[in-house]
Amino acid sequence: MTSIDFAPIARDLRSLKLGAVLDEEPLSRHTSYRIGGPARVYLEPTTEDGVVTSLEWLKNRDIPYFILGQGTNVLVSDRGVQAVVISTSRGLKDCSISGTTVEAGSGVLLTKLSHLAERSGLAGLEFAISIPGTLGGALVMNAGAHGSAMVKVVKSVRVWDPVAGVHQISADEAEFEYRQSRFQRYPWIALSAEMVLALGDHDHIRQTMRHFMAQRKSTQPVGEPNAGSVFKNPTPLYAGQLIERVGAKGWRIGDAEVSSLHANFITNVGQAKASEVLHLMRRIRCVVYQRYHVILRPEVRWIGPGEGGARATWENLWFEEGVGLREPCE
Ligand SMILES: Cc1cc2nc3c(=O)[nH]c(=O)nc-3n(C[C@H](O)[C@H](O)[C@H](O)COP(=O)(O)OP(=O)(O)OC[C@H]3O[C@@H](n4cnc5c(N)ncnc54)[C@H](O)[C@@H]3O)c2cc1C
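Criteria and thresholds
Residues numbered from 1 in each chain as written. Predicted model: local features only at pLDDT ≥ 70, side-chain atom pairs only at ≥ 80, totals over all residues. Heavy atoms only, no water. Domains from an automatic or database assignment. Contact = heavy atoms within 4.5 Å. Buried area = accessible area lost by both parts, 1.4 Å probe. Pairing = 2+ DSSP bridges. Helix = DSSP H or I, 4+ residues; strand = E, 2+ residues; numbered from the N terminus. Axes fitted to C-alpha atoms, helices over the stretch in contact; angles between N-to-C directions. Buried < 20%, exposed > 50% of the residue type's maximum accessible area, 1.4 Å probe, protein only. Near = heavy atom within 4 Å. Polar contact = N/O pair within 3.5 Å; in protein donor to acceptor, adjacent residues only side chain to side chain. Areas by Shrake-Rupley, 256 points an atom, 1.4 Å probe, with all protein chains shown as cover. Salt bridge = Lys/Arg side-chain N within 4 Å of Asp/Glu carboxyl O. Core = buried A, V, L, I, M, F, W, Y, C linked by side-chain atoms within 4.5 Å. pLDDT = per-residue confidence, 0-100.

Undergrad: Please clarify how the domain arrangement of the chain should be interpreted in this entry.
TA: Buried accessible area, meaning the area lost when the parts come together, often serves as the stated size of an interface. For the chain, the assigned domains are domain 1 (7–87), domain 2 (95–204) and domain 3 (239–322). Each of domain 1 and domain 2 has a C-alpha centre, and the two are 23 Å apart. The interface of domain 1 with domain 2 comprises twelve residues on the first partner and twelve residues on the second. Interface area, domain 1 with domain 2, both sides summed: about 990 Å², of which 68% is carbon and sulfur.

Undergrad: What exactly am I supposed to notice about the sheet that holds strand β17 (residues 266–268) here?
TA: By definition, the strands of a sheet pair up through backbone hydrogen bonds, in either a parallel or an antiparallel sense. On the basis of which strands lie adjacent, the open sheet formed by three strands has the order β15-β16-β17 and antiparallel pairing. Since the sheet does not close on itself, it has two edges, and those belong to β15 (252–253) and β17, each with one partner. Sheet topology places β15 next to strand β16 (residues 256–258); two bridges connect them, and they run antiparallel. Note on β16: the bridge partner recorded for R252 is E257. Helix-sheet contacts for helix α8 (residues 274–292) involve β15, β16 and β17, and the interaxial angle to β16 is about 30°.

Undergrad: How do you make sense of unusual backbone geometry when you look at a structure like this?
TA: Excluding glycine, a negative phi dihedral is what most residues carry, and trans is how most peptide bonds are arranged. The amide bond that connects T235 to the next residue, P236, takes the cis arrangement and shows omega of 10°. Tracing the backbone through its elements, the reader meets P236 in the loop between α6 (202–219) and α7 (239–245). Positioned with a positive phi, K17 is a non-glycine residue whose angle comes to about 55°. Tracing the chain through its elements places K17 in the loop between α1 (6–15) and β1 (19–26). Exposure remark for K17: the relative accessible area of 71% places this residue in the exposed category. Even without being a glycine, D62 presents a positive backbone phi close to 55°. The residue D62 is located in the loop between α2 (48–60) and β3 (65–68) in this model.

Undergrad: Sorry, what's going on with the site of the ligand here?
TA: Inspection of the region around the ligand gives 32 residues, with I67, T72, P132, T134 and G144 positioned closest. The backbone of N73 places a nitrogen or oxygen atom 2.9 Å from an oxygen atom of the ligand. T134 is positioned such that a nitrogen or oxygen atom in its side chain is 2.6 Å from an oxygen atom of the ligand. Protein contact buries 94% of the 980 Å² of open area that the ligand shows by itself. When residues of the shell around the ligand are traced back to their parent elements, those giving at least two are β3, α4 (135–141), β9 (144–145) and β13 (189–196). Among the elements that take part in the shell around the ligand, α4 stands out by supplying five residues, more than any other.

Undergrad: How should the sheet that holds β13 be read in this particular structure?
TA: Read across the sheet, five strands follow the order β6-β7-β13-β11-β12 without closing on themselves; strand pairing throughout is antiparallel. Only two strands of the sheet have a single partner each, and these edge strands are β6 (95–98) and β12 (165–170). Within this sheet the neighbouring strands show an average axis-to-axis angle of 15°, counted without direction. Sheet strands in contact with α2 are β11 (154–161), β12 and β13, and its direction is about 45° off that of β11. Packed on one face of the sheet, helix α3 (residues 110–119) meets β6, β7 (101–105) and β13 and runs near 30° to β6.

Undergrad: Quick question: what am I supposed to make of the pattern of salt bridges here?
TA: Pairing between side chains becomes possible if they bear opposite charge and their charged atoms approach one another. What the rule picks out here adds up to 13 salt bridges. Here R185 and E175 are joined by a salt bridge, their closest N and O atoms 2.7 Å apart. Of the two residues, R185 is situated in the loop between α5 (171–174) and β13 and E175 in the loop between α5 and β13; the sequence distance between them amounts to ten residues. Taken together, the salt bridges that share partners define one network made up of R252, D255 and E257.

Undergrad: Explain the nonpolar core to me, please; I cannot follow it from the model alone.
TA: Inside soluble globular proteins, nonpolar side chains tend to come together where they are buried. Among the nonpolar cores identified, the biggest contains 33 residues, and L139, M150, F183 and M195 are the most heavily contacted of them. Counting only elements with at least two residues in this core, the list comes to β7, α3, α4, β11, α5 and β13. With five residues, the top contributor of residues to this core is α4. For L139, the contacting residues outside a window of four places in its chain are M150, V154, V157, F176, S181, F183, A190 and A193. Ranked by size, the runner-up nonpolar core spans 28 residues in total, among them A248, I253, A272 and A274.

Undergrad: I'm lost on the pairing of strand β2 (residues 38–45) in this one. Help?
TA: The side chains of a regular strand alternate between the sheet's two faces. Of all the eight residues making up β2, seven are buried; the element is thus mostly covered by neighbouring parts of the structure. Note: β1 against β2, seven bridges, orientation antiparallel. Paired with G19 across the bridge in β2 is P45. Sheet analysis places β2 next to strand β5 (residues 81–87), joined by four bridges and oriented parallel. Residue pairing across strands places Y42 opposite V85, the latter belonging to β5.

Undergrad: Looking at this model, I keep getting lost on the confidence of the model for the chain. Mind explaining?
TA: Close inspection of predicted coordinates is inappropriate in any region flagged by low pLDDT. Mean pLDDT over the chain stands at 91; residues scoring 70 or higher make up 92%. Ignoring residues within four places in sequence, the model shows residues 307–323, a span with pLDDT below 50, making 48 contacts including any to other chains.

In structure tokens:
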């Protein structure tokens, strides 16, 4: 792989005046795990135009890029990312409500959307009150909880892609499934989404949200650095139950520890490295496979170079391709 000189790229991006451009920005500052080496260039466009201009600019020069929301569902390599990391947090923040339709930029926090809907007496986004992260990340993951998910409310998404530019796709085209969407297989960048909610009883909506938050606090290590569920549930089974049954609660490698509150959470109890989290994931996967013949699939997404030194483009971010988690006990 030829290495890319990012210094002139950062300089040229600065001259475009799209927003802050940071060199060697530690991604541990931008992930809920508090883990991750530096992004060669970290860009924070301040408008949607800025996001689109930067994407076009990078695509035209064949420069690798990666989109980051709030970093609550990612594990970033200790070696960092040889790419321009584009944050959606500043540029994609618009939000409006008309009747029962909510339109929001993909950098808007899901919890903010949940509160906005509640204040407008709209039901449907109560589940989102306990999910950290942005709307964009939630679309990619079809985030869900408490028996609901994004698929139930999304009507359409405005996307940018390297071939067609900015256009709108329907929810059907996004192919939402359990913690999956076409966003994970195709280089779409979500710019904004239209969600259709239902008129609801204000007090009931608020009570439901309170109940969900309380439930969350009593069952998950809220407040400790983590990235939510590490593995997807191998439906109809629950990853957390299988991991608990093999006695993994409390397992620790370096500063990465399997939560004693919820076995499908790995927490960073100090200065954990991505390699330590991966090591723990491998051990869990192997033991669960040996005991139950179930292969756990990661829900957390890997960001960084693969073992072959591949560039951090959208298609090689899977654990299976990048870091040798294809076989459960390799
Ligand atoms: C304590 C805790 C609890 C959690 N509980 C839940 C839960 O109950 N249910 C659940 O589903 N998840 C849960 N999660 C996981 C996480 O919050 C969600 O997956 C969330 O939707 C991720 O949003 P994000 O902005 O942080 O995405 P990021 O982690 O920043 O990104 C996730 C992926 O989406 C991509 N991406 C982000 N924005 C865009 C965009 N605009 N366009 C294209 N690609 C984009 C990134 O490149 C990356 O591949 C939890 C996490 C934590 C830390």
